[in-house]
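# Summary of structural features
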Amino acid sequence: MANTADLIAMLKEMNDIIQENKDFLTELDMPIGDSDHGINLARGFQAVVEKLPGLADKDVGTLLKTVGMTLVSTVGGASGPLYGTAFMKAAVVANGKDQVTLEDFLSMLSAAVEGVKLRGKSTTGEQTMLDAMVPALEAMQAKAGASSSEVWAAGLAAAQEGVEKTKDMIATKGRASYLGERSLGHQDPGATSFTLLFSVLAKHYT
Ligand code: ADP
Ligand code: MG
(Lines give C-alpha, C1' and ligand atoms only; values in the text may rest on other atoms or scores of the structure.)
(Ligands and ions follow the chains in the order given, each with its own letter.)
Protein backbone atom coordinates (compact mmCIF):
# COMPACT_ATOMS: atom_id res chain seq x y z
CA MET A 1 0.00 0.00 0.00
CA ALA A 2 1.28 3.48 -0.82
CA ASN A 3 -0.39 6.88 -0.64
CA THR A 4 0.73 10.13 -2.25
CA ALA A 5 3.03 11.01 0.68
CA ASP A 6 4.72 7.57 0.49
CA LEU A 7 5.22 7.92 -3.25
CA ILE A 8 6.61 11.43 -2.88
CA ALA A 9 9.16 10.04 -0.40
CA MET A 10 10.03 7.24 -2.85
CA LEU A 11 10.37 9.68 -5.77
CA LYS A 12 12.86 11.71 -3.72
CA GLU A 13 14.83 8.51 -3.11
CA MET A 14 14.66 7.76 -6.83
CA ASN A 15 16.22 11.14 -7.48
CA ASP A 16 18.93 10.41 -4.89
CA ILE A 17 19.82 7.06 -6.44
CA ILE A 18 19.92 8.56 -9.93
CA GLN A 19 22.15 11.45 -8.80
CA GLU A 20 24.45 8.96 -7.01
CA ASN A 21 24.66 6.80 -10.14
CA LYS A 22 24.74 9.62 -12.69
CA ASP A 23 28.38 9.00 -13.69
CA PHE A 24 27.94 5.21 -13.69
CA LEU A 25 24.91 5.40 -16.02
CA THR A 26 26.72 7.82 -18.27
CA GLU A 27 29.76 5.52 -18.40
CA LEU A 28 27.50 2.62 -19.42
CA ASP A 29 26.15 4.80 -22.24
CA MET A 30 29.68 5.64 -23.45
CA PRO A 31 30.67 2.54 -25.46
CA ILE A 32 27.23 1.84 -26.94
CA GLY A 33 25.55 5.25 -26.93
CA ASP A 34 26.38 8.92 -26.56
CA SER A 35 27.37 9.15 -22.89
CA ASP A 36 24.32 11.04 -21.70
CA HIS A 37 21.95 8.58 -19.99
CA GLY A 38 22.98 9.52 -16.45
CA ILE A 39 23.03 13.22 -17.28
CA ASN A 40 19.59 12.97 -18.91
CA LEU A 41 17.96 11.17 -15.98
CA ALA A 42 19.68 13.29 -13.34
CA ARG A 43 18.27 16.40 -15.00
CA GLY A 44 14.79 14.85 -15.23
CA PHE A 45 14.55 13.57 -11.67
CA GLN A 46 15.91 16.84 -10.30
CA ALA A 47 13.03 18.59 -12.13
CA VAL A 48 10.59 16.01 -10.70
CA VAL A 49 11.76 16.66 -7.14
CA GLU A 50 11.21 20.39 -7.63
CA LYS A 51 7.56 19.70 -8.56
CA LEU A 52 6.84 17.44 -5.57
CA PRO A 53 5.97 20.06 -2.93
CA GLY A 54 3.03 21.21 -5.06
CA LEU A 55 1.65 17.68 -5.38
CA ALA A 56 1.25 16.61 -1.75
CA ASP A 57 -2.53 17.04 -1.75
CA LYS A 58 -3.12 15.35 -5.12
CA ASP A 59 -4.21 11.78 -5.85
CA VAL A 60 -1.62 9.18 -6.92
CA GLY A 61 -2.70 9.40 -10.57
CA THR A 62 -2.16 13.17 -10.71
CA LEU A 63 1.22 12.77 -8.99
CA LEU A 64 2.44 10.14 -11.46
CA LYS A 65 1.04 11.97 -14.47
CA THR A 66 2.97 15.09 -13.47
CA VAL A 67 6.12 13.00 -12.99
CA GLY A 68 5.69 11.50 -16.48
CA MET A 69 5.10 14.87 -18.14
CA THR A 70 8.08 16.36 -16.33
CA LEU A 71 10.33 13.51 -17.48
CA VAL A 72 9.16 13.85 -21.10
CA SER A 73 9.92 17.56 -21.11
CA THR A 74 13.28 17.43 -19.30
CA VAL A 75 15.07 14.10 -19.88
CA GLY A 76 15.34 14.17 -23.65
CA GLY A 77 16.97 11.39 -25.69
CA ALA A 78 15.15 8.14 -26.23
CA SER A 79 14.72 7.44 -22.56
CA GLY A 80 12.80 10.66 -21.74
CA PRO A 81 9.69 9.86 -23.79
CA LEU A 82 9.93 6.19 -22.74
CA TYR A 83 10.19 6.80 -18.99
CA GLY A 84 7.62 9.58 -19.36
CA THR A 85 5.24 7.17 -21.06
CA ALA A 86 5.86 4.55 -18.36
CA PHE A 87 4.87 6.94 -15.58
CA MET A 88 1.92 8.36 -17.52
CA LYS A 89 0.55 4.88 -18.26
CA ALA A 90 0.93 3.96 -14.58
CA ALA A 91 -0.89 7.20 -13.76
CA VAL A 92 -3.93 6.10 -15.76
CA VAL A 93 -4.25 3.00 -13.55
CA ALA A 94 -3.88 5.15 -10.41
CA ASN A 95 -6.28 7.84 -11.63
CA GLY A 96 -8.38 9.18 -8.74
CA LYS A 97 -6.83 6.83 -6.17
CA ASP A 98 -5.54 8.19 -2.84
CA GLN A 99 -3.55 5.01 -2.34
CA VAL A 100 -2.38 2.07 -4.41
CA THR A 101 -2.13 -1.59 -3.41
CA LEU A 102 0.36 -4.23 -4.52
CA GLU A 103 -2.23 -5.37 -7.05
CA ASP A 104 -2.42 -1.79 -8.36
CA PHE A 105 1.40 -1.69 -8.60
CA LEU A 106 1.32 -4.82 -10.77
CA SER A 107 -1.29 -3.25 -13.05
CA MET A 108 0.73 -0.03 -13.15
CA LEU A 109 3.95 -1.85 -14.08
CA SER A 110 2.09 -3.86 -16.69
CA ALA A 111 0.64 -0.67 -18.21
CA ALA A 112 4.11 0.93 -18.13
CA VAL A 113 5.62 -2.04 -19.99
CA GLU A 114 2.89 -1.91 -22.65
CA GLY A 115 3.43 1.84 -23.00
CA VAL A 116 7.19 1.49 -23.49
CA LYS A 117 6.70 -1.34 -26.03
CA LEU A 118 4.27 0.74 -28.04
CA ARG A 119 6.19 3.99 -27.85
CA GLY A 120 9.58 2.33 -28.45
CA LYS A 121 8.29 -0.19 -31.03
CA SER A 122 10.35 -2.60 -28.98
CA THR A 123 10.15 -5.88 -27.13
CA THR A 124 12.36 -8.02 -24.90
CA GLY A 125 15.69 -9.37 -26.13
CA GLU A 126 16.67 -6.09 -27.84
CA GLN A 127 19.02 -4.85 -25.09
CA THR A 128 16.76 -2.12 -23.69
CA MET A 129 15.07 -1.13 -20.44
CA LEU A 130 12.37 -3.70 -21.29
CA ASP A 131 14.89 -6.44 -20.50
CA ALA A 132 14.70 -5.41 -16.85
CA MET A 133 11.07 -4.25 -16.77
CA VAL A 134 9.47 -7.37 -18.22
CA PRO A 135 11.38 -9.89 -16.04
CA ALA A 136 10.49 -7.82 -12.95
CA LEU A 137 6.81 -7.78 -13.87
CA GLU A 138 6.70 -11.48 -14.73
CA ALA A 139 8.52 -12.50 -11.55
CA MET A 140 6.09 -10.46 -9.46
CA GLN A 141 3.09 -11.92 -11.26
CA ALA A 142 4.48 -15.43 -10.73
CA LYS A 143 4.65 -14.76 -6.97
CA ALA A 144 0.98 -13.79 -6.74
CA GLY A 145 -0.39 -14.78 -3.35
CA ALA A 146 2.98 -14.57 -1.57
CA SER A 147 3.74 -11.82 0.94
CA SER A 148 4.33 -8.34 -0.40
CA SER A 149 8.01 -8.47 0.58
CA GLU A 150 8.50 -11.76 -1.30
CA VAL A 151 6.79 -10.34 -4.38
CA TRP A 152 8.98 -7.20 -4.42
CA ALA A 153 12.16 -9.17 -3.70
CA ALA A 154 11.39 -11.52 -6.61
CA GLY A 155 10.81 -8.53 -8.88
CA LEU A 156 14.12 -6.91 -7.92
CA ALA A 157 16.11 -10.13 -8.32
CA ALA A 158 14.60 -10.65 -11.78
CA ALA A 159 15.34 -7.06 -12.84
CA GLN A 160 18.97 -7.46 -11.71
CA GLU A 161 19.29 -10.75 -13.61
CA GLY A 162 17.71 -9.05 -16.60
CA VAL A 163 20.37 -6.34 -16.53
CA GLU A 164 23.12 -8.99 -16.51
CA LYS A 165 21.52 -10.74 -19.47
CA THR A 166 21.58 -7.56 -21.57
CA LYS A 167 25.34 -8.19 -21.86
CA ASP A 168 24.55 -11.29 -23.95
CA MET A 169 22.25 -9.38 -26.29
CA ILE A 170 22.78 -7.58 -29.56
CA ALA A 171 20.99 -4.23 -29.49
CA THR A 172 18.36 -3.82 -32.17
CA LYS A 173 16.68 -0.66 -30.81
CA GLY A 174 18.04 2.74 -29.83
CA ARG A 175 21.50 4.13 -30.48
CA ALA A 176 23.27 0.93 -29.43
CA SER A 177 21.69 -0.80 -32.45
CA TYR A 178 24.02 1.21 -34.73
CA LEU A 179 26.85 -0.93 -33.33
CA GLY A 180 25.25 -4.23 -34.31
CA GLU A 181 27.27 -7.13 -32.87
CA ARG A 182 29.67 -4.73 -31.17
CA SER A 183 26.89 -4.03 -28.64
CA LEU A 184 27.50 -7.56 -27.29
CA GLY A 185 29.14 -7.62 -23.88
CA HIS A 186 27.68 -4.29 -22.79
CA GLN A 187 25.21 -3.74 -20.00
CA ASP A 188 22.25 -1.65 -21.14
CA PRO A 189 22.07 1.78 -19.45
CA GLY A 190 18.26 1.94 -19.50
CA ALA A 191 17.82 -1.54 -18.02
CA THR A 192 20.30 -0.48 -15.33
CA SER A 193 18.50 2.78 -14.52
CA PHE A 194 15.13 1.02 -14.38
CA THR A 195 16.56 -1.46 -11.88
CA LEU A 196 17.92 1.37 -9.73
CA LEU A 197 14.50 3.08 -9.73
CA PHE A 198 12.72 -0.21 -9.03
CA SER A 199 15.11 -0.97 -6.17
CA VAL A 200 13.74 2.06 -4.31
CA LEU A 201 10.23 0.57 -4.44
CA ALA A 202 11.45 -2.93 -3.58
CA LYS A 203 13.52 -1.66 -0.65
CA HIS A 204 10.48 0.14 0.70
CA TYR A 205 8.50 -3.12 0.87
CA THR A 206 11.18 -5.65 1.86
P1 ADP B 1 19.65 8.23 -26.19
O2 ADP B 1 19.92 6.82 -26.61
O3 ADP B 1 18.71 8.93 -27.09
O4 ADP B 1 20.92 8.99 -25.91
P5 ADP B 1 19.43 7.70 -23.36
O6 ADP B 1 20.91 7.54 -23.41
O7 ADP B 1 18.90 8.61 -22.31
O8 ADP B 1 18.88 8.14 -24.77
O9 ADP B 1 18.74 6.28 -23.11
C10 ADP B 1 19.22 5.10 -23.71
C11 ADP B 1 18.39 3.93 -23.20
O12 ADP B 1 17.06 4.03 -23.69
C13 ADP B 1 18.90 2.60 -23.69
O14 ADP B 1 19.89 2.08 -22.82
C15 ADP B 1 17.64 1.73 -23.70
O16 ADP B 1 17.44 1.07 -22.47
C17 ADP B 1 16.53 2.73 -23.87
N18 ADP B 1 15.93 2.65 -25.19
C19 ADP B 1 16.36 3.25 -26.33
N20 ADP B 1 15.52 2.97 -27.35
C21 ADP B 1 14.55 2.17 -26.85
C22 ADP B 1 13.37 1.53 -27.38
N23 ADP B 1 13.02 1.68 -28.67
N24 ADP B 1 12.62 0.80 -26.54
C25 ADP B 1 12.93 0.66 -25.23
N26 ADP B 1 14.01 1.23 -24.68
C27 ADP B 1 14.81 1.97 -25.46
MG1 MG C 1 22.36 8.23 -24.65
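In short, a report on the structure. (Residues numbered from 1 in each chain as written. Chains lettered and ligands numbered in written order. Predicted model: local features only at pLDDT ≥ 70, side-chain atom pairs only at ≥ 80, totals over all residues. Heavy atoms only, no water.)

## Topic: the side chain of Asp-188
- You can see Asp-188 is positioned in the loop between helix H8 (148-165) and helix H9 (189-205).
- No salt bridge is formed by the buried Asp-188; its nearest oppositely charged neighbour, Arg-175, is found at 11 Å.
- Among the polar contacts made by the side chain of Asp-188, one reaches the main-chain amide nitrogen of Met-129 at a distance of 3.3 Å.
- Leave out the neighbours within four places in its chain, and Asp-188 touches Gln-127, Thr-128, Met-129 and Thr-166. (Helix = DSSP H or I, 4+ residues; strand = E, 2+ residues; numbered from the N terminus. Buried < 20%, exposed > 50% of the residue type's maximum accessible area, 1.4 Å probe, protein only. Lys, Arg positive; Asp, Glu negative; His and termini not counted. Salt bridge = Lys/Arg side-chain N within 4 Å of Asp/Glu carboxyl O. Polar contact = N/O pair within 3.5 Å; in protein donor to acceptor, adjacent residues only side chain to side chain. Contact = heavy atoms within 4.5 Å.)

## Looking at the site of ligand 1
- Surrounding ligand 1, one finds 21 residues, the nearest of these being Ala-78, Ser-79, Gly-120, Ser-122 and Asp-188.
- In this structure, Asp-36 approaches ligand 1 through a side-chain N or O atom, which is 3.0 Å from an oxygen atom.
- Within the side chain of Arg-175, one N or O atom sits 3.1 Å away from an oxygen atom of ligand 1.
- Protein chains shield 93% of the accessible area of ligand 1, which is 560 Å² for the free molecule.
- Using a 2 Å cut-off from the grid points, one finds that ligand 1 occupies the largest pocket.
- Of all the secondary structure elements, the ones that give two or more residues to the shell around ligand 1 are helix H3 (37-51), helix H5 (79-93), helix H6 (102-120) and H9.
- Sort the elements by how many residues they give to the shell around ligand 1 and H9 lands first, with 3 residues.
- Looking at the shell around ligand 1 residue by residue, the class counts come to 6 nonpolar, 9 polar and 6 charged. (Near = heavy atom within 4 Å. Areas by Shrake-Rupley, 256 points an atom, 1.4 Å probe, with all protein chains shown as cover. 1 Å grid on protein atoms, 1.4 Å probe; cavity = no way out; pocket = protein on both sides within 12 Å on 5 of 7 lines; lining within 4 Å. Sits in = over half its atoms within 2 Å of the grid points. Nonpolar A, V, L, I, M, F, W, Y, C, P; charged D, E, K, R; others polar.)

## Details of the coordination of the magnesium ion (ligand 2)
- Coordination of the magnesium ion (ligand 2) by the protein involves Asp-29 (OD), Asp-34 (OD) and Asp-36 (OD), with metal-donor separations of 2.1 to 2.2 Å.
- Here the donor residues for the magnesium ion (ligand 2) map to a single chain with the spacing D-x4-D-x1-D. (Donors = N, O, S within 2.8 Å, 3.2 Å for Na, K, Ca; no water.)

## Regarding the packing of aromatic side chains
- On inspection of all chains with the given rule, the structure shows 6 aromatic pairs.
- Their ring planes at 45 degrees and their centres at 5.5 Å tell us that Trp-152 and Phe-198 sit as a pair that is tilted. Residue Trp-152 is found in helix H8, and its partner Phe-198 is found in helix H9; the two are separated by 46 residues along the sequence.
- Geometrically, the ring pair formed by Phe-194 and Phe-198 is tilted, given 5.6 Å between the ring centres and 35 degrees between the ring planes. Here Phe-198 and Phe-194 lie together in helix H9, a separation of 4 residues that amounts to about one turn.
- What makes Phe-198 buried here is its relative accessible area of 4%. (Phe/Tyr/Trp six-rings, centres within 6.5 Å; stacked < 30°, edge-to-face > 60°.)

## A closer look at empty space enclosed by the protein
- The tally for this structure, following the rule as stated, stands at 1 cavity of 30 Å³ or more.
- By volume, the largest cavity is sized at about 350 Å³.
- Around the largest cavity, the lining comprises 19 residues; the ones closest to its centre are Met-14, Phe-87, Leu-109, Phe-194 and Leu-201.
- The set of elements that each furnish at least two residues to the lining of the largest cavity consists of helix H1 (4-20), H5, H6, helix H7 (130-142) and H9.
- Among the residues making up the lining of the largest cavity, the classes are represented as 19 nonpolar, no polar and no charged. (Points joined across faces, edges and corners; volume = space filled by probe spheres on them.)

## Some remarks on the packing of H3 against H9
- Between H3 and H9, the least distance of the axes is 10 Å, while the angle of their chain directions is 35 degrees. In the packing of H3 onto H9, the handedness of the crossing is right-handed. Listed contacts from H9 to His-37, Leu-41 and Phe-45 of H3 are Pro-189, Gly-190, Ser-193 and Leu-197.
- Per-class residue counts for the contact of H3 with H9 are 4 nonpolar, 3 polar and no charged. (Axes fitted to C-alpha atoms, helices over the stretch in contact; angles between N-to-C directions. Left-handed = near helix turned anticlockwise from the far one by under 90°.)

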